[in-house]
Amino acid sequence: MAGYTPMMEQYLSVKATATDAILFFRLGDFYEMFFEDAITASRELEITLTGRGAGQEERIPMCGVPHHAAEGYIARLIDKGYKVAVCEQVEDPASAKGVVRREIVRIVTPGTVMDSKSVGDTSNNFIVGAAHQSGRFGIAACDLTTGELYVTSSSDSHETVKNILNVYRPSEAVGDEASIVAIQSDRNATARAILTTVRDEVDLTKLADQFPDEQWNSHELVRQQAVARLIAYLDETQKRSLTHLRSVKAYDSESFMSLDAFTRRNLELTETVRDRSRKGSLLSLLDRTRTAMGARLLKRWIDQPLLNRNEAERRLDAVEALNQDWIKRKELRDELGEVYDLERLAGRIAYGTANARDLNALKNSLKRIPAIQELCQTLDVVSLNALAERMDACSDIADAIERAIADEPPVTLKDGGIIRTGYDSKLDELREASQNGKQWIAELERQEREATGIKSLKIGFNKVFGYYLEVTRANVVHLPEGRYERKQTLANAERYVTPELKEKEALILEAEDRMFDLEYERFIALREEIAGQMARLQRLAESVAALDVLQAFAEASAERRYSRPSWTDGDGYDLTIEEGRHPVVESVNENGVFIANETTLTASEGAILLITGPNMAGKSTYMRQVAMICLMAQIGCFVPARRAVLPFVDRIFTRIGAADDLVGGQSTFMVEMKDIQVMTEQATKRSLIIIDELGRGTSTDEGMAIAQSVIEYVHNHIGCKALVSTHFHELAHLESSLSGLRNGCMAVKEGADGVTFLRKLVPGAADSSYGIYCAQLAGLPETIVSRAYTLLNEHSSFDTSGFNSIANSLVIKEVATATAYSEPVSQELGSQPVIPTNDAIQLSMFVDAAPSVKPAKPTVNDKLLDKLRKLDVMRMTPMQALEWLNDARNQLTESGDH
Ligand code: ADP
Ligand code: MG
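Residues numbered from 1 in each chain as written. Chains lettered and ligands numbered in written order. Predicted model: local features only at pLDDT ≥ 70, side-chain atom pairs only at ≥ 80, totals over all residues. Heavy atoms only, no water.

K.L.:
Tell me what's going on with the overall build of the protein, and back it up with residues and numbers.
P.N.:
The helix and strand tally for the protein stands at 32 helices and 26 strands. Within the protein, the proportion of its 898 residues that are buried is 52%. When contacts within the protein are restricted to residue pairs at least 6 apart in sequence, long-range pairs at least 24 apart make up 68% of them. Within the structure as shown, the protein displays about 40700 Å² of accessible surface, and the carbon and sulfur contribution to it stands at 51%. (Helix = DSSP H or I, 4+ residues; strand = E, 2+ residues; numbered from the N terminus. Buried < 20%, exposed > 50% of the residue type's maximum accessible area, 1.4 Å probe, protein only. Contact = heavy atoms within 4.5 Å. Areas by Shrake-Rupley, 256 points an atom, 1.4 Å probe, with all protein chains shown as cover.)

Now the structure itself:
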């Protein structure tokens, strides 16, 4: 360091302790950055890069921001994934000898931002501590703004780690090498990058200090390590006591339904696929919460569906009671609407950033609790009563605030106006002295004038002598002897003091100097007293949040006509849904009506439904609605159906063909296959599987082969409920070889004016994908459309499936009548099996992936006649007709058939 100025040497030694952060170095009214930090910050913040002489020959790069604007700049750097170390002057520059002492007072990181503006009211900001040892992962997740701290552990699989992280979506993680690798493998799935810090060392002794009430011995070692690492990191960055982190919520990751990122995203649980917005997700649909903490809890409930039927029932009981009594629900909603974010308030109180208005907000919120408790009690449901009982209204805290804090205090803490009169006698005295000071002086002035008869006598003030009586030289002779003590002589006046004035002066000055300090002290004392009650406030916040979510479920269910689901008896896992709807599609379908559909996946009628049907028929919507209904039931909400009897599912898998992935480009065929692999490995009999357009990302033959073998695997080896859609209507033949599989299709009405999608699921298989029809609807030139039909016809003469495809699709069929629903739509299929379910043939399909499967070949004659019958003459150009004729003749001559 030789050669640098002393200040620069100080900078370098501070910087050495915070190498992974951008150092904001306080110099007077600015925070300055130097060297690499300056270059980075000037680029990211678009501020001017300058240079500074530092005792070296070359000037060093430097940039700076004014201290009063620092928070905004820091927030921007954090947003971009940096850490910022804030280094302050920690002694008074006036009294410092040499360079002012400076220290890092806090390190701001993405996971430890305390400013709720940048975090968002209705979302959490989690930082995760992680540990990996002996084949187990431990994960601790903490939101510093609310004081929540969860810890769990899982088996040694990156998959489960990812599924746990999906619940928290942390912005930052600290852990040992191995756990950080597991966390980083999640990059693809989480939208935001996770800032990671590797810390291999871990000190478990800290746990007892931070959590005096916790029995750490009873926690699994990886959990202890995860929490200890997290706490150590928070200590290191926050450099203050974390009094609001006093309790840990430990849970088994197996006690909630594990949802992989793909399923979460595909069902659009908390954000949409298209733009990752909250709007349009199940979360925003159900979010009728009145408090921010309720909104945050709702998200967690959606992210963690229950696997405990009793718990789900308890929630449903409460929702039902609230759902039925709309008057009480409304009253409750009104009360909750007056409750502020208790968790964040508590967090700020513990953190020492709460101001007097925050305390009043806390007080006003606490005052609502008794009414809320009473409403819960009168609703007379065990689960709501229990919730009410658990609530501690903390009236002592509310009273303490009421006694101390003025009704409308300012935001600032050091300018007075915070503490109520009557709270502190010393303060009252001071305030009175200060308020009455001017009057008292004015009064004294009047009395002195009267006593002395000097009209020009006045009382003044200066910093050196304090208060004084001033008399002009000419009037000095009129002053009585002895009463006045001369203090100062001016050109044409004399200044005096009296013992009485001195005494009062002391009071007035003290008042003016000390009043604000005392108010501040009293405020801090009160705030610390409340901070000591943190655990009570946090428990209350938890109960209020839960109640808020329950009423939100009730409100949404009432608005949208949801009904209470019931569970399949005993061990059975049949699923029956009557008039089921897709909650989100239904809600955006404002003008049009949403067509409700039935679903039965039962042991007797088959647990797998294979759905065929054209594009836009409603296949994806139908399948997702079944998944959504199961999920909603298991978070304790009513479901969009007239009646639903559901099994408790242990997991929901949704797998979507790559081409259907709207995120575009992210998901490749390989990713799709990996997802399928995970599914085959983890699905059990009790799972629900949704497979939509499987096998899209590869050639038709391969895709169809993969689709069929996956379906067979699900049927034969997993044996769970599954909804499978495919554009390979050729797969319909599986119904005859797999006993637990049924065909279904989305009904389509074909009329003279085209095809109408009825959005109604009917038994049987579709006979066409209507792909060309879709192209026509999309307005492709007529030449292309008719050429496509011609090509399709040509293929049809070889491809077995073609027998029915185009021709049937163009025959005007009325399948829309209600009676038709009980019959297979395409009865024609019955007499002409699409693909013979001959084992030998199926085998060949997989062994050498033959381009097409050929059944016993009909004679050329038959085929030609068939084609002729189905020929759509009206759609052909004269040239095409000629070509067709010529073709037909050639085929006849070649085959030698007559
Ligand atoms: P597919 O998967 O068969 O191509 P989708 O499920 O994507 O079809 O549905 C296409 C569109 O049809 C949806 O965006 C939705 O607007 C509408 N839709 C689907 N199902 C229904 C229904 N049951 N009632 C009304 N509209 C529906
Ligand atoms: Mg679809």
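K.L.:
Provide a residue-level description of the site of ligand 1, including the pertinent values.
P.N.:
Taken together, 14 residues are adjacent to ligand 1, and Met616, Lys619, Ser620, Thr621 and Arg759 come closest. Residue Ala617 places a main-chain N or O atom 3.2 Å away from an oxygen atom belonging to ligand 1. For ligand 1, an oxygen atom lies 2.8 Å from a polar atom in the backbone of Lys619. In the shell around ligand 1, the residues fall into seven nonpolar, five polar and two charged. (Near = heavy atom within 4 Å. Polar contact = N/O pair within 3.5 Å; in protein donor to acceptor, adjacent residues only side chain to side chain. Nonpolar A, V, L, I, M, F, W, Y, C, P; charged D, E, K, R; others polar.)

K.L.:
Please set out the sheet that holds strand E24 (residues 721-725) residue by residue, giving values where relevant.
P.N.:
On the basis of which strands lie adjacent, the open sheet formed by six strands has the order E22-E23-E24-E20-E25-E26 and mixed pairing. In the strand order of this sheet, the two ends are held by strand E22 (651-656) and strand E26 (754-763), each with one partner. With strand direction ignored, the average angle separating the axes of adjacent strands in the sheet is 15°. Across four bridges, strand E20 (residues 608-612) lies against E24 in parallel orientation. Within E24, the position partnered with Ile608 by the bridge is Ala722. With respect to the sheet, helix H22 (residues 619-634) is in contact with E20, E22, strand E23 (687-692), E24, strand E25 (741-751) and E26, its orientation differing from that of E23 by roughly 160°. Here helix H23 (residues 669-682) sits on the sheet and contacts E22 and E23; the angle it forms with E22, its principal contact strand, is near 155°. (Pairing = 2+ DSSP bridges. Axes fitted to C-alpha atoms, helices over the stretch in contact; angles between N-to-C directions.)

K.L.:
Would you mind going over the sheet that holds strand E11 (residues 195-198) in detail, with residue names and values included?
P.N.:
As summarised here, the arrangement of the six strands in space is E11-E10-E7-E8-E9-E12, forming an open sheet in which the pairing is mixed. Two strands lie at the open edges of the sheet, namely E11 and strand E12 (249-250), each paired on one side alone. Two elements, strand E9 (residues 148-155) and E12, share two bridges in a ladder whose sense is parallel. Paired with Val151 across the two strands is Ala250, which belongs to E12.

K.L.:
Which residues make up the packing of helix H13 (residues 326-337) against helix H20 (residues 534-559), and what values do they have?
P.N.:
A pair of packed helices is captured by two measures, namely the crossing angle of their axes and the spacing between those axes. Running from N to C, H13 and H20 cross one another at 135°; their axes reach a closest spacing of 11 Å. Relative to H20, H13 is oriented oblique. For the pair H13 and H20, the crossing hand works out as left-handed. Facing Arg329, Leu332, Arg333 and Leu336 of H13, the residues of H20 in contact are Val544, Leu547, Asp548, Gln551, Ala554, Glu555 and Ala558. (Parallel < 35°, antiparallel > 145°, perpendicular 65-115°, else oblique. Left-handed = near helix turned anticlockwise from the far one by under 90°.)

K.L.:
Report on H22, specifying residues and quantitative values.
P.N.:
The terminal C-alpha atoms of H22, which comprises 16 residues, lie 23 Å apart, in line with the 22 Å expected from a rise of 1.5 Å per residue. Counting buried positions along H22 yields 14 of 16 residues, so the element is predominantly enclosed. (Expected span 1.5 Å × (residues − 1).)

K.L.:
For the nonpolar core, give the residues involved together with the corresponding values.
P.N.:
By size, the foremost hydrophobic cluster in this structure holds 113 residues, and its most contacted members are Leu286, Leu362, Leu384, Ile405 and Ile652. With 13 residues, the top contributor of residues to this core is H20. Ignoring anything within four residues of it in the chain, the contact list for Leu384 reads Ala318, Ala321, Leu322, Cys376, Leu379, Leu547 and Leu550. (Core = buried A, V, L, I, M, F, W, Y, C linked by side-chain atoms within 4.5 Å.)

K.L.:
Just give me the short version of the packing of aromatic side chains, but keep the residues and values in it.
P.N.:
Counted under the stated rule, the structure contains 15 aromatic pairs. Their ring planes at 70° and their centres at 5.4 Å tell us that Tyr251 and Phe256 sit as a pair that is edge-to-face. In this structure Tyr251 comes out as buried when scored by relative accessible area, which is 13%. Measuring from ring centre to ring centre gives 6.1 Å for Trp301 and Phe553, while their planes differ by 50°; the resulting arrangement is tilted. (Phe/Tyr/Trp six-rings, centres within 6.5 Å; stacked < 30°, edge-to-face > 60°.)

In short, shape yes, function no, at least from these values alone.
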